[in-house]
Structures are given as C-alpha cells and as structure tokens.
Amino acid sequence: MSPKIDPDHMTTAAEQPQRRRRKSDARESILNAAERLFGELGFTGCSLRNVADSAGVNQGMIHYFFRSKEALFQETYLRCGSPLVEERMRLLDTEEAAAKGAPIPVERLIEIFLAPAFRLATSGDSGRAFLRMQAHLQLDGTRFGHELRQRLYDESSMRFVAAFARSLTDLSREDVSWRFMFMLGAYQYALADTGRIEVISDGLCSASDFACSLRQIVPFLSAAMRSPPIIAGASKDQLDFCKASTATAGRVSNQE
C-alpha cells in the first residue's frame, strides 16, 4: 500500500509559514464575516452559506475550522464576550478591594457593570456587531443559547447581584435579582441601536450618542434599584388589574 501523502510535507520549509498564514487569514475572515452576519440576522437567520460567501471561502473551509454552526457562533461570540466579562470582574475586584468590605455605592456598581459594554459600542463595527449578537442571544430560548449564556455570564452576574444586595440592605434577594435582570434589558436595548429613540424624541436624541446614553441610564437605573421594596401581594393585585383590563378591552373590541 502506498504511504499516505500529507500535503504540508510536500511544501518547502519556506512555503510552510506562508501556508499557515493563509489558513490563519481564512479563519479570521470567517470569524469577521460571522460576527457581522450573526449580528444582523441572529443565529437562526444566518446560514453557513451566508458566512462562506461573505468571507470568500467555501463551506468546507468553515467545517474544517469550526466543525459546526454552533461552534462558529460560540467562538465568534466569545471573542468579544469573554473580554467584556473579564473587564467587569476586574473592575469589581478593584472596587471591592478599595471598599475593604464596605458596600459599594449603587451608582458605582452600575457604572462598572455598564462601562465595558458602552466601550464596546464605541470601539467600531466589531463591538457593535457583538452587541447585536448579544441582543439576539437574549431572546434565544434553545438549550444552546441557555448554555452559552450560562457559560459566559453566570459567574459575573452572581458576583454583581451579591454586590448589589450588600449595598441595598432594605431589599430582599428576590427584589435585587429582578432589578438586576431589568437592568440587563434596559442597557441591551439602549445599545441595540434600533432607531426608536430618534423617532420618539422627534430627532432630538441619537442612539449612536453612547456618552449621552450612559449619562442618562446610570441615574435612571440607580433610582430604580433604590426604589422601595416590593410589598408581598402587590404583584398579584397588579396582575389581576392587567387581566381585568385585558378582558375589558376585549369586550369593547367585540362590541365595535
């Protein structure tokens, strides 16, 4: 039987570095194209053919480097997501060390949580594409989406929720957890650049004015975090009101 020929061994010593560079360039092109397209279309809406065409490679090259669409999305997402989380953790470590066990002011906790994301928003196309990917991922109810969120965010989220709980001693852990989740939704929508702020402000505000957005959102979220504790049973009363309002609206609609 003839020995199997490895194409890499057929190249000269001078050619091998050039071959490796070509592979590295192709891999980077795939990641860049995937980042942009996953940001625009989401995981479900973007096909590997879309990525291959944009990167100028064949689909076989994508399978060679990443094996699957899920693996490509994950690596693309973690490329910006991991540094984002690492910066949040580093900032929190610094604040906690400086506080020496004392509670960190709520405004400061919000600032250090949001600042890395707002920096990404101003870092260029790659950062903005990641934030769009993040917005899509938050709506992904699949096991894949859940596991990726869990892998990347769980540790840092639990650290920040604990820090907020130490600073908001009049709130229950349940209240703090809900408010932290609302904070996630508020900042992600603010950075999603949907164009809504331009419409509802009649052109006075711009979604791309991230500095203004950060100045507005920190005091807003601080006030929300500090609002009085939720009284047991109040949420049920509100839910009953919503159900009654819906039923009334339905009757009016039928009469019309």
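Notes on the structure follow. What you see is a predicted model; the values in this text were computed from it and never measured. (Residues numbered from 1 in each chain as written. Predicted model: local features only at pLDDT ≥ 70, side-chain atom pairs only at ≥ 80, totals over all residues. Heavy atoms only, no water.)

All right, on to the side chain of S201 then. Within the secondary structure, S201 is located in the loop between α10 (196-200) and α11 (210-226). Using a relative accessible area of 11% as the deciding quantity, one classes S201 as buried. Among the polar contacts made by the side chain of S201, one reaches the main-chain carbonyl oxygen of I197 at a distance of 2.6 Å. (Helix = DSSP H or I, 4+ residues; strand = E, 2+ residues; numbered from the N terminus. Buried < 20%, exposed > 50% of the residue type's maximum accessible area, 1.4 Å probe, protein only. Polar contact = N/O pair within 3.5 Å; in protein donor to acceptor, adjacent residues only side chain to side chain.)

Moving on, we get to α11. Each α-helix turn comprises 3.6 residues. Residues three or four places apart therefore point the same way. Its 17 residues place the ends of α11 24 Å apart at the C-alpha level, agreeing with the 24 Å of an ideal helix rising 1.5 Å per residue. Along α11, the residues that are buried comprise F210, S213, I217, V218, L221, S222 and M225. Residues of α11 that are buried in the fold lie against α6 (106-121), α7 (125-138), α8 (143-167) and α9 (173-191). (Expected span 1.5 Å × (residues − 1). Contact = heavy atoms within 4.5 Å.)

Next up on the list: empty space enclosed by the protein. Within the structure shown, the criterion is met by 1 cavity of 30 Å³ or more. Taken as a whole, the largest cavity holds about 40 Å³ of empty space. Lining the largest cavity, in full, are R128, R132, L191, D193 and F210. Considering only residue class, the lining of the largest cavity consists of 2 nonpolar, no polar and 3 charged. (1 Å grid on protein atoms, 1.4 Å probe; cavity = no way out; pocket = protein on both sides within 12 Å on 5 of 7 lines; lining within 4 Å. Points joined across faces, edges and corners; volume = space filled by probe spheres on them. Nonpolar A, V, L, I, M, F, W, Y, C, P; charged D, E, K, R; others polar.)

Attention now goes to the pattern of salt bridges. Evaluation of the coordinates by the stated rule reveals 14 salt bridges. Close ionic contact of R108 with E95 constitutes a salt bridge, the shortest N to O distance being 2.9 Å. A residue pair is termed long-range when its members are at least 10 positions apart, and R108 in helix α6 and E95 in helix α5 (residues 69-99) qualify at 13 residues. A relative accessible area of 32% places R108 in the partly exposed class. One salt bridge in this structure joins R166 and E96, with 2.8 Å as the shortest N-O distance. Note that R166 is positioned in helix α8 and E96 in helix α5, a separation of 70 residues in sequence. The class of R166 is partly exposed, set by a relative accessible area of 43%. Among the residues examined, E96 registers a relative accessible area of 25% and is labelled partly exposed. Three or more residues are tied together by salt bridges with common partners; here these are D93, E96, R159 and R166. (Salt bridge = Lys/Arg side-chain N within 4 Å of Asp/Glu carboxyl O.)

What follows deals with the side chain of S156. Mapped onto the elements of the fold, S156 is located in helix α8. Residue S156 is classed as buried on the basis of its relative accessible area of 1%. Other than its neighbours up to four places away in sequence, S156 contacts V85 and M89.

Taken as a whole and assessed by the stated rule, the structure comprises 15 aromatic pairs. Ring geometry for F43 against F144: centres 5.1 Å apart, planes inclined by 35°, an arrangement best described as tilted. Taken as a pair, F43 in helix α2 (residues 15-45) and F144 in helix α8 lie far apart in primary sequence, 101 residues in all. Taking the relative accessible area as the measure of exposure, F43 reaches 16% and is therefore buried. Classification of F144 by relative accessible area gives buried; the value is 18%. With 6.5 Å between their ring centres and 85° between their planes, Y77 and Y153 make a pair best called edge-to-face. Placement of Y77 in helix α5 and of Y153 in helix α8 is noted, with a sequence separation of 76 residues between them. Classification of Y77 by relative accessible area gives buried; the value is 0%. With a relative accessible area of 11%, Y153 lands in the buried category. An aromatic cluster of three or more residues is present, and its members are F38, F43, F73, Y77, F130, F144 and Y153. Its end group placed over the ring of F43, K69 keeps NZ or CZ at 4.6 Å from the ring centre. The ring of F113 has R88 sitting right over it, with the charged end atom 3.8 Å from the ring centre. (Phe/Tyr/Trp six-rings, centres within 6.5 Å; stacked < 30°, edge-to-face > 60°. Lys NZ or Arg CZ within 6 Å of the ring centre and 35° of its normal.)

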